[in-house]
2 protein chains.
Amino acid sequence: MTRARIAGVGMTPFGGHEDRTVRDLFAAAAREALADAGVPGGAVEEVTFGNFMGEFSEGQGHTGPLAAEAAGVPAPSTRVESACASSGVAVRQGLTLLRAGEADVVLVGGAERMTNLSTTDATEALAAAADAVWEARPGVTFPGAYSLMANAYFEAYGGTREDLAHVAVKNHANAVGNDLAQFRTPIDVDDVLGAPTVSSPFGLYDCSPISDGASAAVLVSESYAADHGLDAPVAITGTGQGTDSLALGARESLTRTPAAEAAADAAYADADVYPADVDVAEVHDCFTIAEVLALEALGFYEPGEAVSAAREGETTRDGDLPVNLSGGLKAKGHPVGATGCAQISELTKLLRGDHVNGDAVPNAEVGVTHNAGGTVASAVVHVLEVVG
Amino acid sequence: MTRARIAGVGMTPFGGHEDRTVRDLFAAAAREALADAGVPGGAVEEVTFGNFMGEFSEGQGHTGPLAAEAAGVPAPSTRVESACASSGVAVRQGLTLLRAGEADVVLVGGAERMTNLSTTDATEALAAAADAVWEARPGVTFPGAYSLMANAYFEAYGGTREDLAHVAVKNHANAVGNDLAQFRTPIDVDDVLGAPTVSSPFGLYDCSPISDGASAAVLVSESYAADHGLDAPVAITGTGQGTDSLALGARESLTRTPAAEAAADAAYADADVYPADVDVAEVHDCFTIAEVLALEALGFYEPGEAVSAAREGETTRDGDLPVNLSGGLKAKGHPVGATGCAQISELTKLLRGDHVNGDAVPNAEVGVTHNAGGTVASAVVHVLEVVG
């Protein structure tokens, strides 16, 4: 089986790009990834592209061809849509094409435009990731759904708003030096606790923002990397995907995310690594509780035990397992279709040693990304390793 | 490389299902496919699902998890969206998972709900498959775009409305016996020429209808089929995908479909067959001209020569190469996200010998499907063979 090297990565800054379309944003990220890889656009054999809400923000579906055209890549191109996991799944599908021998060079990535929508319209568009019949129609929005999960967690295991506040404080601190991040201002626990309530227990700082942005990566087979003398020390050695019922109400528990557990188990087995081998992680902290659930699903903590991880300093930049050194969705921003591949981009730089926060993990060899869609109805996990 | 067997297929009738949701429709098709295969839902390892306009018709994105749940399959599930080629691409991605060794059993398919929308709203939803900036915003709809292609074809090569009418007459005739088809009434050339104009040169009968429906197939590795004693004589031996600029205006020619040519070339090479080997084809006749362009892209005719094929009887049920024995999109119906895999379902039955029109091709061994998105900005071609 072909092992996929990450030959290059690219990202736009995340935040407000009111004057730029999805195609403009992806063009920038894709061309940066190709340049970083030293691979010409004409060498790309397939494109897999994640976009979630193009129908709502631009009246635009069928974005596969648009993405290829924007990237300057004349290759078959497919849009995959898995809500906020769209580009994580796009990475997985590009990887699968390499492993199947269908291609030696694939361009993967995603883009989202959100800030041209009003907050109401963006909230309604995001609700299309929930079950329209059982959730969206009765009025459940994502802050509401995740607050149900947070309250259930507190009820089952304990934990407090202050615990969650430390997640936000940590991720904002990590974003300060990251010039791709949307929010680069440090905050403290009092800021989080004093912010306006969005949906109890969440205040404003417990929630990731509305963002525009794009991300891309060039994946190549080992043989292509060798034949073309590419400097691509990081490989994707494991991939896993999981799916749960779309509606929260159909699940056994609100405090566990079995789709992410399944994705993590599959990715670890694929890479033949264990949670204890992981040096650094980028996880899907769309809300502060989501980072807690991710750390448990990834096997770093037993259920009920990750809520204090940030507060105890275990996941801060100086902790044993730095999490979301990029700033995470919370502070780096969350243009939903771009998020999964942005995690790949940030983690690749952390492992290569050219990330602004790379000094926090100077000897890191194994990293993990965790990207979720909806209330973790979809999850995709990748293991990245420095393979020299 | 694993060769994928088509272990089972399923389809709802296409047409008006005003009281059924996308999930209901897919549940029916998927469960029929699993029963046809004799494979339990629990054996499925991945699901790939095509849906195009769920955001418009149901306010529903993130349909991967919904599809798996509806099918009773607890497996990772991904929505792919490539406009009217969505489930053709879903078939290709499921096949790729088998070839990569990621799975031995995949459920592929698609579903669409359209008739709950007004004609205006459905037309606007369909326009999301075109370029929002350069086509949809200025007012181009799909009948308009394809009529530009038809008029350009007439200008370049000759051909008449009567030639195209024979395509509609042929496909309606094929649908008469197909109880899954939306229109089962025979029509004649005068009916087509006398119908109200939609967009010159197209009258009503040159256009495929608005439809609801779902399709599914179970693909298994050769080893799984052998180990479980499955009766699965048909294999997908070739796959190809192509992409073109989304907007017609960016193309060199309106009379050729290079995305379909690329997809066909790749699929034939993959299967090691030639156009002359093909016994039967299901092609994407969303408009009558589209069937003509498909036959040329598939290499059955030189450019400019397929327009008379139906009139000459070459592609009728008694012709040398029967095309759209199912009735095609024209008469079977075109629930867009379901169409690509429905072609696989119909062709599998034709090759297995259990299709109502199977007597037209009693010794067929090689078949081809051609599924297109937009104005063939996306195309996917599959070669199916009886391998015993």
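Below or above, wherever it landed, is the structure these notes cover. Quick caveat, the model's predicted, so the values are computed rather than measured.

1. Let's talk about the overall build of chain A
Piece 1. Counting its secondary structure elements, chain A contains 14 helices and 11 strands.
Piece 2. In summary, chain A has a C-alpha radius of gyration of 19 Å against a globular reference of 21 Å for 388 residues, a match within 12%.
Piece 3. Over its C-alpha atoms, taken along the principal directions, chain A stretches across nearly 55 × 45 × 40 Å.
Piece 4. A buried classification covers 67% of the 388 residues belonging to chain A.
Piece 5. Put simply, 79% of the contacts in chain A that link residues at least 6 apart link residues at least 24 apart.

2. Examining the relation of the copies chain B and chain A
Piece 1. Note on the identical chains: chain B maps onto chain A by a rotation of 180° and an axial translation of 0.0 Å, with an RMSD of 0.0 Å. Expressed as an axis order, the relation between the two copies is that of a two-fold axis. Judged by C-alpha distance, B:A100 is the residue of chain B that lies nearest the rotation axis, at 1.9 Å.
Piece 2. Most of the interface of chain B is mirrored in chain A, where 100% of its interface residues are also at the interface.

3. What to know about the environment of A:A290
All names here are of chain A.
Piece 1. With respect to the helices and strands, the residue A290 is situated in helix α12 (residues 288-297).
Piece 2. Given the relative accessible area of 5%, A290 is considered buried.
Piece 3. Excluding residues within four positions of it along the chain, A290 makes contact with Y146, H284 and D285.

4. Quick word on the interface of chain B and chain A
Piece 1. Facing 50 residues of chain B, the contacting portion of chain A comprises 51 residues.
Piece 2. With both chains or domains summed, chain B and chain A bury close to 3700 Å², and 49% of this area falls on carbon and sulfur atoms.
Piece 3. Where chain B touches chain A, the interface holds 8 salt bridges.
Piece 4. Linking B:R92 and A:E46 is a salt bridge whose minimum nitrogen-to-oxygen distance equals 2.3 Å.
Piece 5. Applying the counting criterion to the chain B and chain A interface returns 29 residue pairs in polar contact (both at pLDDT 80 or more).
Piece 6. Mapped onto the side of chain B that touches chain A, the elements with two or more residues apiece are α2 (54-58), α3 (63-71), β3 (77-81), α4 (86-99), α6 (132-136) and β8 (234-243) of chain B.
Piece 7. Looking at which element gives the most residues to the side of chain B that touches chain A, the answer is α4(B), with 6 residues.
Piece 8. Its residues assigned to classes, the side of chain B that touches chain A shows 20 nonpolar, 18 polar and 12 charged.
Piece 9. Two elements, strand β3 (residues 77-81) of chain A and β3(B), share 3 bridges in a ladder whose sense is antiparallel. The residue bridging A:V80 from the neighbouring strand is B:V80, located in β3(B).

5. Description of the side chain of B:E81
Piece 1. Tracing the backbone through its elements, the reader meets B:E81 in strand β3.
Piece 2. The exposure class assigned to B:E81 is buried, which follows from its relative accessible area of 0%.
Piece 3. A polar contact of 2.6 Å, which involves the side chain of B:E81, links it to the side chain of A:R79.
Piece 4. Side-chain polar atoms of B:E81 contact the backbone nitrogen of B:A83, separated by 2.7 Å.
Piece 5. Excluding anything up to four places from it in sequence, B:E81 contacts A:E55, A:G61, A:H62, A:T63, A:R79, B:N51, B:F52 and B:S86.

6. Here's the deal with the environment of B:M114
Residue and element names in this part refer to chain B.
Piece 1. With respect to the helices and strands, the residue M114 is situated in the loop between β4 (105-112) and α5 (119-126).
Piece 2. Judged by its relative accessible area of 1%, M114 falls in the buried class.
Piece 3. Along the primary structure M114 and E58 are separated by 56 residues, whereas in three dimensions their C-alpha atoms are 9.4 Å apart.
Piece 4. Non-local contacts of M114, meaning those with residues more than four positions away in its chain, are made with M53, L126, I210, S211, D212, H334, P335 and V336.

7. Topic: the packing of aromatic side chains
Residues and elements named next belong to chain A.
Piece 1. Inspection of the entire model under this criterion finds 8 aromatic pairs over all chains.
Piece 2. Taking the centre distance of 4.8 Å and the plane angle of 65° together, the rings of F26 and F49 count as edge-to-face. Separated by 23 residues along the polypeptide, F26 in helix α1 (residues 22-37) and F49 in strand β2 (residues 46-50) bring together distant segments of the chain.
Piece 3. The buried category is assigned to F26, whose relative accessible area is 0%.
Piece 4. Note on F202 and F287: the rings are 5.3 Å apart at their centroids and 10° apart in plane angle, and the pair reads as stacked. Residue F202 is located in strand β6 (residues 202-203), and its partner F287 is located in the loop between β9 (280-283) and α12; the two are separated by 85 residues in the primary sequence.
Piece 5. According to the relative accessible area criterion, F202 is buried, its value standing at 1%.
Piece 6. A connected cluster of aromatic rings, assembled from ring pairs, spans Y146, F202 and F287.

8. Regarding the pairing of strand β11 (residues 378-386) of chain B
Residue and element names in this part refer to chain B.
Piece 1. Of all the 9 residues making up β11, 8 are buried; the element is thus mostly covered by neighbouring parts of the structure.
Piece 2. The sheet contact formed by β8 and β11 spans 9 bridges and is antiparallel. Looking at β11, one finds that Q241 is bridged to V380.
Piece 3. Between strand β10 (residues 366-373) and the antiparallel strand that follows it, β11, lie 4 residues; G374 among them carries a positive phi value of about 60°.

9. Some remarks on the packing of helix α4 (residues 86-99) of chain A against helix α14 (residues 336-352) of chain A
Residues and elements named next belong to chain A.
Piece 1. Two elements in contact, α4 and α14, have axes whose closest approach is 5 Å; the angle formed by their N-to-C orientations is 55°. In this view, α4 runs oblique relative to α14, as classed from their interaxial angle. Contact residues: S86, S87, G88 and V91 in α4; G337, A338, T339, G340, C341 and I344 in α14.
Piece 2. Counted by class, the contact of α4 with α14 contains 4 nonpolar, 6 polar and no charged residues.

About the criteria used
Residues numbered from 1 in each chain as written. Chains lettered and ligands numbered in written order. Predicted model: local features only at pLDDT ≥ 70, side-chain atom pairs only at ≥ 80, totals over all residues. Heavy atoms only, no water. Helix = DSSP H or I, 4+ residues; strand = E, 2+ residues; numbered from the N terminus. Rg over C-alpha atoms; globule rule 2.2 N^0.38 Å. Buried < 20%, exposed > 50% of the residue type's maximum accessible area, 1.4 Å probe, protein only. Contact = heavy atoms within 4.5 Å. Least-squares fit on C-alpha atoms with pLDDT ≥ 70 in both. Buried area = accessible area lost by both parts, 1.4 Å probe. Salt bridge = Lys/Arg side-chain N within 4 Å of Asp/Glu carboxyl O. Polar contact = N/O pair within 3.5 Å; in protein donor to acceptor, adjacent residues only side chain to side chain. Nonpolar A, V, L, I, M, F, W, Y, C, P; charged D, E, K, R; others polar. Pairing = 2+ DSSP bridges. Phe/Tyr/Trp six-rings, centres within 6.5 Å; stacked < 30°, edge-to-face > 60°. Axes fitted to C-alpha atoms, helices over the stretch in contact; angles between N-to-C directions. Parallel < 35°, antiparallel > 145°, perpendicular 65-115°, else oblique.

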